[in-house]
Amino acid sequence: MSNGAPFGRIPASGTRCDRLNLHLWSRSQSKSRCAERCIECLYDRCERVGDAPFGGVARPDLGANLRMAVFERSIVIHVVEDDVVKITNIFSGGQDYETLLRGN
């Protein structure tokens, strides 16, 4: 494991990241390098969640062991289970993540 962090890392869900990638790319076809940098930064932030797995804001009202980390205008939702950090969701600014996570 890199950086001597005691927690394993699982990358964000492929389908959610694929949709984010497609969304960013389609909105900025003429600025594709900008979109690529945004995605790279988001992936880097997801990787760093494992460096401080109990950082961010605990949200037991939304799920057991659920925590959220803010990144620019996005929210990275993760859980810590058995020394593993799992990125479960990434929400962009303006999304009602609480309603979506509660299933209302």
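Residues numbered from 1 in each chain as written. Predicted model: local features only at pLDDT ≥ 70, side-chain atom pairs only at ≥ 80, totals over all residues. Heavy atoms only, no water.

Trainee: Run through the confidence of the model for the chain, naming residues and quoting values.
Mentor: Caution applies to low-pLDDT parts of the model: their predicted coordinates are not meant to be read in detail. Model confidence for the chain is summarised by a mean pLDDT of 76, while 69% of its residues fall at 70 or above. The lowest-confidence element of the chain is strand β1 (residues 8–10), averaging 45 in pLDDT; the highest-confidence one is strand β2 (residues 57–58), averaging 92. Confidence drops under a pLDDT of 50 for residues 1–13, and excluding neighbours within four residues, the segment shows 32 contacts in the predicted structure. (pLDDT = per-residue confidence, 0-100. Helix = DSSP H or I, 4+ residues; strand = E, 2+ residues; numbered from the N terminus. Contact = heavy atoms within 4.5 Å.)

Trainee: Which residues make up the pairing of strand β5 (residues 84–92), and what values do they have?
Mentor: Looking at chain direction, strand β4 (residues 74–81) and β5 are connected through eight bridges and run antiparallel. Residue pairing in the sheet places V76 in a bridge with I90 of β5. Hairpin remark: β4 followed by β5, antiparallel, with two residues in the connecting loop; positive phi at D82, about 50°. (Pairing = 2+ DSSP bridges.)

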